[in-house]
Amino acid sequence: MGDTLGMATQLAGNAVRFGWYSGLNWLLSRESRRLAPRPRYVPQGPVPSEAELMADLRALFLADAAAVRDGLYPPEEPAGSLVRHLSDVRAMFADLPATLERRQSEDTLSAVLHAGATDVPDYYAQDFHFQTGGYLSSESARLYDVQVETLFYGAASAMRRAGLKPIAAFLRGRDQRACALLDVACGTGRFLRDIRLAYPGMALTGLDLSQAYLDEAQRHLKPLRPATLLNANAEAMPLPDESQDIVPSVFLFHELPGAVRRHVTAEIARVLKPGGLFVFIDSLQMRDRPRWDGLIEAFPVRFHEPYFAHYATDDLETIFAEAGLEAEDTSLAFLSKVMARRKA
Ligand SMILES: C[S@@+](CC[C@H](N)C(=O)[O-])C[C@H]1O[C@@H](n2cnc3c(N)ncnc32)[C@H](O)[C@@H]1O
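The structure presented is a predicted model; accordingly, all values stated were derived computationally and were not measured.

(A) Local environment of the overall build of the chain. Within the chain, the secondary structure is distributed over 12 helices and 7 strands. The globule rule puts the C-alpha radius of gyration for 344 residues at 20 Å, and the 19 Å found for the chain is close to it. Expressed as lengths along the three principal axes of its C-alpha atoms, the size of the chain is roughly 55 × 50 × 40 Å. The burial tally for the chain puts 54% of its 344 residues in the buried class. On the chain, roughly 15,500 Å² of surface is accessible, and the fraction owed to carbon and sulfur atoms is 57%. One finds the centroid of the 37 positive side-chain charges in the chain at a distance of 5 Å from the centroid of its 44 negative side-chain charges.

Encoded structure:
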């Protein structure tokens, strides 16, 4: 029968999140149109109807709840207080005029002015999504989660949790206490928190180029058992060869130039043990869902995503295979896809 109460809790949590963030999405879009009206971009490719989008979102939430029922992971436990959340929402709306001004003047360089910009590669020191300070400021780290959940109608956490299924399959029959997991580009640590809730005994490491985001990750992990957090470039990870059993990476690859995508994949393969698991989660690519290609085309027009168009047509299968990561499973989940690969 499984954990039906847990399933109900997970479904109810997702339903509340969907209602709340859809409201915020609507308000933010309305405010954006009022402050900075501009013609709507009409993509050449087809876009899904709202009913199709919602059907996929429902399927994601149902799969998330079913995984809880089947004992693959526990129900989500919200991090942080309601007061802090409301204050973040307020800050997101307060930041909107500056964001829109940058979008209108196509200014994507507030990150370059940040003190930390000299220590990071040029491709990184820019205002992804027109965020104030790019990934370098603590304001951006504070707003990131609420912005991403608003963009995805409250489904971002469930999209990440789709990556817990291949991890559960990999760990079946293994002792989690003897396993090491590295989340590459862990950002504010949302996925690390889900992993920690499911695997209290596993050695967890999160790596990210932004110290501000790692500070948020540390906050989100409390009061759970901490993870080791490394401020480093995923192109040259300060970790020994063959030291990790599992390496997930969520929403990173679309933000990397093509050549860097290949370097990072090689690094992931280097630190994985033979037989180790790589779990990739990122946006759908062109032709994954041909009737949705217009959405993929429109995304980098709305948001500053300088490498997204290249990502959308890049050959991930070949990149992974050439790094020695063999195909295990690929599945689509709402606007994202999950690819599980094993190091040969
Ligand atoms: C879209 S966010 C995703 C964060 C997180 N994985 C999530 O699920 O929300 C991209 C993250 O990649 C990090 N990042 C980008 N390029 C990187 C690099 N070369 N090395 C390490 N981290 C990088 C950024 O700092 C940011 O935290």
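(B) Just the nonpolar core, in detail. By size, the foremost hydrophobic cluster in this structure holds 89 residues, and its most contacted members are Ile 167, Met 202, Phe 253, Ile 268, Phe 278, Phe 320 and Phe 334. Per element, the largest residue contribution to this core is 7 residues, and it comes from helix H2 (residues 50-69). Other than its neighbours up to four places away in sequence, Ile 167 contacts Leu 181, Phe 191, Tyr 199, Ile 246, Leu 277 and Val 279. One finds Leu 24, Met 92, Leu 100 and Val 146 within the second-largest nonpolar core, a separate group that totals 10 residues.

(C) How the structure looks around the site of the ligand. Lining the immediate surroundings of the ligand are 20 residues, of which Tyr 124, Tyr 144, Arg 160, Ala 185 and Asp 208 lie closest. Contact distances for the ligand include 3.2 Å between a nitrogen atom and a backbone N or O atom of Leu 209. Here Asn 233 contributes a side-chain N or O atom positioned 2.9 Å from a nitrogen atom of the ligand. About the coverage of the ligand: the protein hides 98% of its 600 Å² of free accessible area. Residue composition of the shell around the ligand, grouped by class: 14 nonpolar, 3 polar and 3 charged.

(D) Quick peek at the pattern of salt bridges. Within the structure shown, the criterion is met by 23 salt bridges. Salt-bridge contacts for Arg 219 lead to Glu 216; the nearest nitrogen and oxygen are separated by 3.1 Å. Linking Arg 219 with Glu 216, this pair stays in helix H8 (residues 211-221), spanning 3 residues, or about one helical turn. Glu 216 sits in the buried class, given a relative accessible area of 11%.

Reading the values: the criteria
- Residues numbered from 1 in each chain as written.
- Predicted model: local features only at pLDDT ≥ 70, side-chain atom pairs only at ≥ 80, totals over all residues.
- Heavy atoms only, no water.
- Helix = DSSP H or I, 4+ residues; strand = E, 2+ residues; numbered from the N terminus.
- Rg over C-alpha atoms; globule rule 2.2 N^0.38 Å.
- Buried < 20%, exposed > 50% of the residue type's maximum accessible area, 1.4 Å probe, protein only.
- Areas by Shrake-Rupley, 256 points an atom, 1.4 Å probe, with all protein chains shown as cover.
- Lys, Arg positive; Asp, Glu negative; His and termini not counted.
- Charge placed at Lys NZ, Arg CZ, Asp CG, Glu CD.
- Core = buried A, V, L, I, M, F, W, Y, C linked by side-chain atoms within 4.5 Å.
- Contact = heavy atoms within 4.5 Å.
- Near = heavy atom within 4 Å.
- Polar contact = N/O pair within 3.5 Å; in protein donor to acceptor, adjacent residues only side chain to side chain.
- Nonpolar A, V, L, I, M, F, W, Y, C, P; charged D, E, K, R; others polar.
- Salt bridge = Lys/Arg side-chain N within 4 Å of Asp/Glu carboxyl O.

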